[in-house]
Structures are given as C-alpha cells and as structure tokens.
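Chain by chain, the residues:
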Amino acid sequence: MASAPRAQFVTLAALVVAIGCGGGKPQEASAKSNTAARPLQLAQAPEDPATAQPSGSAAITGRVAFSGAPPAAERVKMDADPQCALQHTDAVHKPEVVVNANGTLKHVFVYVQQGLEGKSFAAPASAATLNQHGCMYEPHVFGVQVGQELSIVNSDATLHNVNCKATKSKPFNLAQPTKGMKTSKQFAAPEIMVKCVCNVHPWMAAYIGVVAHPYFAVTGDEGTFSLAGLPAGTYTVAAWHEKYGEQTQTVTVGDGETGSVAFEFKAQ
Ligand SMILES: [Cu+2]
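Fair warning: this is a prediction, and the values are worked out from it, not measured in the lab.

Engineer: Where do I start with the sheet that holds strand β1 (residues 58-67) in this structure?
Structural biologist: The strand order β13-β1-β16 describes an open sheet built from 3 strands, whose pairing is mixed. Either end of the sheet is taken by a strand with one partner, and the two such strands are β13 (224-230) and β16 (258-266). Each adjacent strand pair in this sheet contributes to an overall mean axis angle of 15°, direction not counted. By the bridge criterion, 9 bridges tie β1 to β16 in an arrangement that is parallel. The partner of Phe66 across the bridge, within β16, is Phe265.

Engineer: Could you clarify how one ought to interpret the coordination of the copper ion in this entry?
Structural biologist: Ideal donor angles around a metal are set by the shape: a four-donor tetrahedron calls for 109.5 degrees, a six-donor octahedron for 90 or 180 degrees. Surrounding the copper ion are the protein donor atoms His160 (ND1), Cys198 (SG) and His201 (ND1), which sit 2.0 to 2.2 Å from the metal. Site description for the copper ion: donor spacing in sequence, H-x37-C-x2-H. Neither Cys198 nor His201 differs from the other in exposure class; each is buried.

Engineer: Looking at this structure, how should I read the packing of aromatic side chains?
Structural biologist: Aromatic ring pairs are reported here in terms of the distance separating the ring centres and the angle at which the planes meet. Enumeration according to the criterion identifies 8 aromatic pairs in this entry. With 5.3 Å between their ring centres and 50° between their planes, Tyr207 and Trp240 make a pair best called tilted. Pair noted here: Tyr207 is in strand β11 (residues 205-211) and Trp240 is in strand β14 (residues 233-241), with a separation of 33 residues, a long-range link. Both residues of the pair, Tyr207 and Trp240, count as buried.

Rules used throughout
Residues numbered from 1 in each chain as written. Predicted model: local features only at pLDDT ≥ 70, side-chain atom pairs only at ≥ 80, totals over all residues. Heavy atoms only, no water. Pairing = 2+ DSSP bridges. Helix = DSSP H or I, 4+ residues; strand = E, 2+ residues; numbered from the N terminus. Axes fitted to C-alpha atoms, helices over the stretch in contact; angles between N-to-C directions. Donors = N, O, S within 2.8 Å, 3.2 Å for Na, K, Ca; no water. Buried < 20%, exposed > 50% of the residue type's maximum accessible area, 1.4 Å probe, protein only. Phe/Tyr/Trp six-rings, centres within 6.5 Å; stacked < 30°, edge-to-face > 60°.

Written out as structure tokens, the structure reads:
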C-alpha cells in the first residue's frame, strides 16, 4: 500500500475514534463540530478488513430515564483526612445514584455489547485519565479501549492507593503518596466493569468499562448518550449502572441512519 493514503486513513481513523469515545467534554465538542464534514471524508477511507476502523456512518443515540424516588445520597465524611476535607466547602455526597433535573440517570455506562464480532479496533493514541481530586475520583464512571493508555493522576497532597480489581486483565494496586504523581496502566481484555477503590479513603470508588471497540459513552447531566461512526448492522446496546445493574436493547441501523433507544432504570 502506498504510504500517503495509509497516512490519511490513520489520521481519519484517529478522528473517528475521538468522536466515538465520547468520554469527555472536548470529545463531545469535536463530535459536534465535525458532524457535517465527516461523511464525505469517510467515503474516501480505503477498506482494511484486517483492522476495521470506526468508519461507519450509522449512529445510535438515546437517553437513560429514571423512575421512582431515588435513595438519599450518602454524605461523605472526610474529617479523618484534613487534606481531603480542606478541599471542600460544600457537602460531598457519594455519586452512586445521581438523578438529573430532567429525570434521567447519570453515570450510566452505555456500550455496544454485540454486533461487532469479527472486527478489531486499534486503541486510540490518546490516553484516558483517572484523576484523584479532593479525595474523589474524576470521572466516577468512564470507559477505555483495550490497550489504551490509562493515566492515573494524584492531584491531592495526600496518599492515595489505586486498587483496581480487574479479573479479565491483571489487577493492580499502586500507591501514589505525593501530589502530581502519574502512573500509566492499560487493560488487556474487555471487562464490564473494573472497579477501582482507595483503601485509605473508603468512600472512593471508580468504575472503568474496558471495551474492545470505541462505541461506548457515559451519561452526564442530560442523561443522554451517542454512539457514532458505527457500521450498518444490528446491535445489542447495553446500559450498566453500579446499583441497578445492566439492561440491553437491540437496534438495527443502516448507513447514514441514527437509531434511537430508550433505557429506564427504576428505584428499588
Ligand atoms: Cu484515597
């Protein structure tokens, strides 16, 4: 293969991976600003069946509703570690069940569970970040691709340990005693979800969805999600929540189409 088209393809693939991840605000912004130009560029991408890239023109969007009365959020007491308590002027609550003002559920990990068999996707070059800030994990729920760099950062002037209890990949438990420490990790196999905790601060918990492809998202303050750049096909989409478990729905999308799915979690 000539080098020039290959380079173009790789650049394009990186762009679409960034759109597909939808993990953070910068990526959401780029997804919006690139929507108009994307289909034309994608049509020029050469076929490479050995390593399928997220070059499709279909999408699945939706929202995650919540019904019933949510449980009262548990207050986090940080008094035992002044370095934690000093960083908060307002009360801190556990981010387990967060119901948005519009009646949707935050922190739901949504991903394509079935329908991509036989395709493989290169990990994005950009790292995902798990930050420890104010003795809380940021983000609380997020996704990475298999093989993607995960940068774990301590932004606090206190000791955290990062105990990530993977079962499909090698688990790790590392100490970050000083502010500004960074450690890079990655996961070798898909896993829904890897739970990470800090044994110094028992209220700290993060959940990482490790996926073999870039089609995942986490609901935010609007409770919505978008899985863009999909090839045409029939997909099982799963929505996972740490308290309410996992639901699935099946949707078929054609080229250029956007399918819609609606999830609803109920108070227990
Ligand atoms: Cu900690």
